[in-house]
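Commentary on secondary and tertiary structure
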Amino acid sequence: MTVINRLFLEWKQLEGNMMKNFDSLNLHPLLAKSLAYMKYDIPTPIQAKAIPFALDGRDIMGSAQTGTGKTAAFAIPLVQHLLDNPEACALVLTPTRELGKQIMEIMHQLLGKGGDIQTAFLIGGDSMSKQLNQIKKRPRLVVGTPGRINDHLDRGTLKLQKTNFLVLDETDRMLDMGFSVQLDRIFKYLPGKRQTLMFSATLPKDILQMAKSYMNNPERIAVGSTINPADNIQQEVIHITDSEKNDELLKQLDERMGSIIIFVKTKFGTERMAKRLKTQGHQAEAINGDMKQSRRERVIQNFRDMKFKILVATDVVARGLDIPHIEHVINYDLPQVPEDYIHRIGRTARAGAKGSSLALITPQDERKWHAIELLMNPGMKPRYAPEKKKGRGNGSYFKNKPRSGSNKNKVRKKQDLFKSQEERTSREDRGYNERKDTNKKSPLKKSISKKKKEDNGDKPLNRKKPARKNLDKTEDKPVKKYSSKFGKKSERTFKEKKPKGKKVYEGGKAKRNAAKKAAKRKQSF
């Protein structure tokens, strides 16, 4: 046996010993004590591959199946980095509050009760004053969501100049939620010399581009298939009509024992289904993104403590929720993105346990289910043709349609203008009156009617009516017919009354106004 072969076998043996437990990693005594207390004896495959590179200071791009211990894969090197470097700081970014809460709990367990490292948990929906009090203590470990981290950076309350350890968990989910702009802004506040760990279920082009821009020669680590669920999950599918869906759900709930998560597609649907299940005698609670953070934490903690059996949720808990006693996942509504189906059913069968999943497929869900099947079985032959984009996104929408500035469109507008002018002149020749208000006469018609009156020997029309005379007489007087503002003619008789020191003019409004004006003229003379 040559020397090279012997050295190679010794290195493989050393590597095998290192993969069996955490003792060979030369961890800080406080961290090693915490791992023993948490009963972390044997590392998972992703932990065994990622932790040695992270302890050496390398950047990592890691991907693995859900439920395989990715959180500890970056949490252990992070805590070791903070314990070895008293001036170092770390930042962990997560897409959802629930995942951030879970990461913070694991960090506190690894730091131990006797640790002096201050932490801050910065998420949206939480009290700003509470977070400011945490920042005033100068935390060395910050866990938060990109939106709230940017809020504190804009306020100037959070400083990241000393943050030389960065973790991006569920990066693909953050990009799907539209956090790419916030992530770019956060990178500008971080120092150029840092260690970056990025974990993602999938690695699309935008994540690879981000790694190329913000990471330094990262080590690519992949464990297992990220597009297939764990082998210990028993999957069931029931094809059913929409009207029979609710009855089938109640039947399945009665047959299943243990904790259950039911996924629906809308926030309102979680509340409605939880109320309906309660009326049927089931212990159920709802959780969605519109709930206050305190209520969401209370629901998760009660579910973790097994105070109720069924949790009705949206995709807000599809990632990062680590509750070991979840035995069943029911997809009442299929997700919009096929990858979310893998994360949904990954809430069960955690850490090697067994679990089951059920999907209720209606005829409207056939295309979504087929997309999920294609994701899990790439070699499968598609049954449906790809859907064409509708509306303005489709190129056929603009087919044979001129642009707004084209000469063809301008000629068409001129033709429409000439056509409308010809119709207008033809209508005027035929004697049509297009005016809406028939009471208002045109000046031409006024002059014609006035001329006819003069030709017939009548006096020209005078619009001003003479003032009434003899207003002081008290006898009854017949009043001529007059037109009110509603156009009706009537005949009235009235008697004038003389109160003390006042004159009352009775009759129509026009006559009263004329009488007042006449009285004023007499007084002026």
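Please refer to the structure placed before this passage.
In short, a report on the structure. A quick note: this is a predicted structure, and the numbers were derived from the prediction, not measured.

Criteria and thresholds
Residues numbered from 1 in each chain as written. Predicted model: local features only at pLDDT ≥ 70, side-chain atom pairs only at ≥ 80, totals over all residues. Heavy atoms only, no water. Helix = DSSP H or I, 4+ residues; strand = E, 2+ residues; numbered from the N terminus. Buried < 20%, exposed > 50% of the residue type's maximum accessible area, 1.4 Å probe, protein only. Contact = heavy atoms within 4.5 Å. Areas by Shrake-Rupley, 256 points an atom, 1.4 Å probe, with all protein chains shown as cover. Pairing = 2+ DSSP bridges. Axes fitted to C-alpha atoms, helices over the stretch in contact; angles between N-to-C directions. Phe/Tyr/Trp six-rings, centres within 6.5 Å; stacked < 30°, edge-to-face > 60°. Patch = residues over 30% accessible without salt bridge, like charges linked within 9 Å, V, L, I, M, F, W, Y side chains within 5 Å. Salt bridge = Lys/Arg side-chain N within 4 Å of Asp/Glu carboxyl O. Lys, Arg positive; Asp, Glu negative; His and termini not counted. Charge placed at Lys NZ, Arg CZ, Asp CG, Glu CD. Arc of directions from axis to C-beta. Polar contact = N/O pair within 3.5 Å; in protein donor to acceptor, adjacent residues only side chain to side chain. Parallel < 35°, antiparallel > 145°, perpendicular 65-115°, else oblique. Nonpolar A, V, L, I, M, F, W, Y, C, P; charged D, E, K, R; others polar.

**A short note on the overall build of the protein chain**
A tally of regular secondary structure across the protein chain gives 18 helices and 17 strands. Counting all 525 residues of the protein chain, 39% fall into the buried class. Sequence-distant contacts, at least 24 apart, represent 68% of the contacts inside the protein chain between residues at least 6 apart. When the accessible surface of the protein chain is totalled, it reaches about 33000 Å², and 51% of it is carbon and sulfur.

**Regarding helix H11 (residues 245–255)**
Buried within H11 are the following residues: Lys 245, Glu 248, Leu 249, Leu 250, Gln 252 and Leu 253. Buried residues in H11 make contact with strand E8 (233–239), strand E9 (259–263), helix H12 (267–279), strand E11 (310–313), strand E12 (326–331) and strand E13 (355–361).

**What about unusual backbone geometry?**
You will see that Lys 39, though not glycine, has its phi angle at about 65°, which is positive. Along the polypeptide, Lys 39 turns up in the loop between helix H2 (29–37) and helix H3 (45–55).

**What about the sheet that holds strand E10 (residues 284–287)?**
Strands belonging to one sheet form pairs held by backbone hydrogen bonds; the direction of such a pair is parallel or antiparallel. One open sheet accounts for six strands, arranged E8-E13-E12-E9-E11-E10; its pairing is parallel. A strand with exactly one partner marks an edge of an open sheet, and here the two such strands are E8 and E10. Each adjacent strand pair in this sheet contributes to an overall mean axis angle of 20°, direction not counted. Relative to E11, E10 is paired through four bridges, and the arrangement is parallel. Looking across to E11, one finds that Ala 284 is bridged to Ile 310. The strands that H12 touches are E9, E10 and E11; relative to E10, the one it contacts most, it runs at about 175°. Along the sheet face, helix H13 (residues 293–304) touches E9, E10, E11 and E12 and points at about 140° away from the line of E10.

**Points about the packing of aromatic side chains**
Scanning the entire structure with this criterion turns up four aromatic pairs. Taken together, a centroid distance of 3.9 Å and an interplanar angle of 5° make the contact between Phe 187 and Tyr 214 stacked. Of this pair, Phe 187 sits in helix H9 (residues 180–189) while Tyr 214 is found in helix H10 (residues 205–214), placing the two residues 27 residues apart along the sequence. According to the relative accessible area criterion, Phe 187 is buried, its value standing at 7%. Judged by relative accessible area, Tyr 214 falls into the partly exposed class, the value being 28%. Aromatic side chains Tyr 341 and Trp 369 sit 5.6 Å apart centroid to centroid with 80° between the ring planes, which places their arrangement in the edge-to-face category. You can see Tyr 341 sitting in helix H14 (residues 338–345) and its partner Trp 369 sitting in helix H15 (residues 366–376), a full 28 residues away along the chain. Assessed through its relative accessible area of 0%, Tyr 341 is described here as buried.

**As for the pairing of E12**
Burial of E12 is extensive: five of the six residues sit out of reach of the surface. By the bridge criterion, five bridges tie E9 to E12 in an arrangement that is parallel. Of the residues in E12, the one forming a bridge with Ile 260 is His 328. Where E12 and E13 come together, four bridges link them in parallel fashion. Bridge pairing links Ile 330 to Leu 358 in E13.

**Examining a positive patch on the surface**
Positive charge collects at one region of the surface, where Lys 509, Arg 512, Lys 516, Lys 517, Lys 520 and Arg 521 lie side by side. Counting through the fold element by element, Lys 517 comes out in helix H18 (residues 509–524).

**With respect to H9**
Of all the residues in H9, the buried ones are Leu 183, Ile 186 and Phe 187. Along the axis of H9, the buried positions cluster into a sector of 105°, meaning they face one direction only. Turned more than 90 degrees away from the buried face of H9, the exposed residues are Val 181 and Lys 188. Next to the buried residues of H9 lie strand E2 (89–93), helix H7 (146–155), strand E5 (163–169), helix H8 (171–176) and H10.

**Side note on the side chain of Ser 63**
Note on placement: Ser 63 falls in strand E1 (residues 60–64). Since its relative accessible area comes to 3%, Ser 63 is described here as buried. Reaching out from Ser 63, the side chain makes a polar contact with the side chain of Arg 220 at a distance of 3.1 Å.

**With respect to the packing of H2 against helix H4 (residues 70–84)**
Taken N-terminus to C-terminus, the directions of H2 and H4 make an angle of 150°; their axes are 9 Å apart at the nearest point. What the angle tells us is that H2 and H4 run roughly antiparallel. Along its contact with H2, which presents Leu 30, Leu 31 and Leu 35, the element H4 presents Ile 76, Val 79, Gln 80 and Leu 83. Here the residues of the contact of H2 with H4 are counted per class, giving six nonpolar, one polar and no charged.

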